[in-house]
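# Commentary on secondary and tertiary structure
As a plain string of letters, each chain reads:
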Amino acid sequence: MEKRFSEMSEQELRSEIALLSEKARRAEQMGMVNEFSVHERRIALAKSYLLDPEDFTSGEQYEIDGDPGSTFTIDYMNGTFAWGYRTGNSEIEAFPIAMLIKKEQQ
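This is a predicted model, so every value here is computed, not measured.

## Topic: the pairing of strand β1 (residues 61-64)
In terms of strand pairing, β1 meets strand β2 (residues 67-78) through four bridges, oriented antiparallel. In the strand pairing of β2, Q61 is matched with T73. What sits between β1 and β2 in their antiparallel hairpin is a turn of two residues, with G66 showing a positive phi close to 90 degrees. As paired elements, β1 and strand β5 (residues 100-102) share three bridges and run antiparallel to each other. In the sheet register, I64 faces β5, and the bridge partner there is L100.

As structure tokens, then:
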């Protein structure tokens, strides 16, 4: 039976990320776009468990990894997921915190 990311140690998470990265690379080489996307999302989930959710703040704006130019404002946190709104969108969305990049102050 496979462990959940939340049950894994840091070393187990890093090993799983390496394994998923290899699977994603192979899927990309074979042109399997959907499988590649699934692996990429699972990598982001696993990486989120290596981060501290306390470092992410409600009301703060973040850039979205993989979506240049998009910004995301956190409404609230639920575990390793940030819930909020993309700029220009009124639908609430959730992102694993590993996909959020702190916006540079200008």
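On we go.
## Regarding the side chain of H39
Residue placement: H39 occurs in helix α2 (residues 33-48). Overall, H39 belongs to the buried group, its relative accessible area being 10%.

## Describing the pattern of salt bridges
All chains considered together, the criterion is met by eight salt bridges. Between R14 and E10 there is a salt bridge, with its nearest N and O atoms 2.9 Å apart. With R14 and E10 both in helix α1 (residues 10-29), this residue pair falls four residues apart, about one helical turn. A salt bridge links R25 to E22; its shortest N-O distance comes to 2.4 Å. Here the residue R25 and the residue E22 both occupy positions in helix α1, the gap between them amounting to three residues, near one helical turn. Connected via shared salt-bridge partners are E22, R25 and R26.

## Observations regarding a nonpolar patch on the surface
Where nonpolar side chains cluster on the molecular surface, the patch consists of Y76, Y85 and I92 and spans about 250 Å² of accessible area. With respect to the element layout, I92 can be found in strand β4 (residues 92-96). Classification of I92 by relative accessible area gives partly exposed; the value is 35%.

## Some details on the layout of surface pockets
It is a probe the size of a water molecule, rolled over the atoms, that shows where empty space is left. Considering only enclosed or pocket space, the largest pocket measures out at about 240 Å³ in volume. S21, E40, R41, I43, A44, K47, D65, G66, A98 and M99 together form the lining of the largest pocket. Split into classes, the residues belonging to the lining of the largest pocket amount to four nonpolar, two polar and four charged. Two domains each put at least three residues into the lining of the largest pocket: domain 1 (5-49) and domain 2 (53-102).

## Brief notes about the domain arrangement of the protein
The domain boundaries assigned to the protein delineate domain 1 (5-49) and domain 2 (53-102). Taking only C-alpha atoms, the centre of domain 1 and the centre of domain 2 are 20 Å apart. Contacts between domain 1 and domain 2 engage six residues on the former and seven residues on the latter. Summing both sides of the interface, domain 1 and domain 2 together bury roughly 520 Å²; the carbon and sulfur share of this comes to 71%. Summed over the three residues of domain 1 that lose the most area to domain 2, namely R41, L45 and S48, the buried surface amounts to 71% of that side. The tally of links from domain 1 across to domain 2 stands at zero salt bridges.

Reading the values: rules and limits
- The numbering scheme is per chain: residues are counted from 1 as the chain's sequence reads.
- At least 70 in pLDDT is required for a residue's local features to be given in this predicted model, at least 80 for side-chain atom pairs to be given and counted, and no such filter applies to totals for whole chains, interfaces and linings, which use all residues.
- To obtain the side-chain values, all non-hydrogen atoms of the structure were used and water was disregarded.
- The criterion for strand pairing is that DSSP finds at least two bridges linking the strands in question.
- A run of DSSP states H or I qualifies as a helix once it reaches four residues; a run of E qualifies as a strand once it reaches two. Both are numbered from the N-terminal end.
- Each residue gets one of three labels from its accessible area relative to the maximum for its type: buried under 20%, exposed over 50%, partly exposed in between, using a 1.4 Å probe on protein chains only.
- Salt bridge criterion: a side-chain nitrogen from Lys or Arg within 4 Å of a carboxyl oxygen from Asp or Glu.
- Surface patches are drawn from residues lacking salt bridges whose relative accessible area is over 30%; two like charges belong together within 9 Å, two nonpolar side chains (Val, Leu, Ile, Met, Phe, Trp, Tyr) within 5 Å.
- Note that accessible areas follow from Shrake-Rupley with a 1.4 Å probe, and for residues the cover is restricted to the protein chains shown.
- Every definition here rests on a 1 Å grid over the protein atoms only: cavities are sets of points where a 1.4 Å probe fits but cannot get out, pockets are open sets enclosed by protein on both sides within 12 Å along at least five of seven lines, and lining residues have some atom within 4 Å of a point.
- Grid points are joined across faces, edges and corners, and a volume is the space filled by probe spheres set on the points.
- Classification used: nonpolar for Ala, Val, Leu, Ile, Met, Phe, Trp, Tyr, Cys and Pro, charged for Asp, Glu, Lys and Arg, polar for all others including Gly.
- Where each domain begins and ends is defined by an automated method or by a domain database.
- Note on definitions: a residue-residue contact is assigned when non-hydrogen atoms from the two residues lie within 4.5 Å.
- The quantity reported as buried area is the accessible area (1.4 Å probe) lost by two parts once they are put together, taken as the sum for both.

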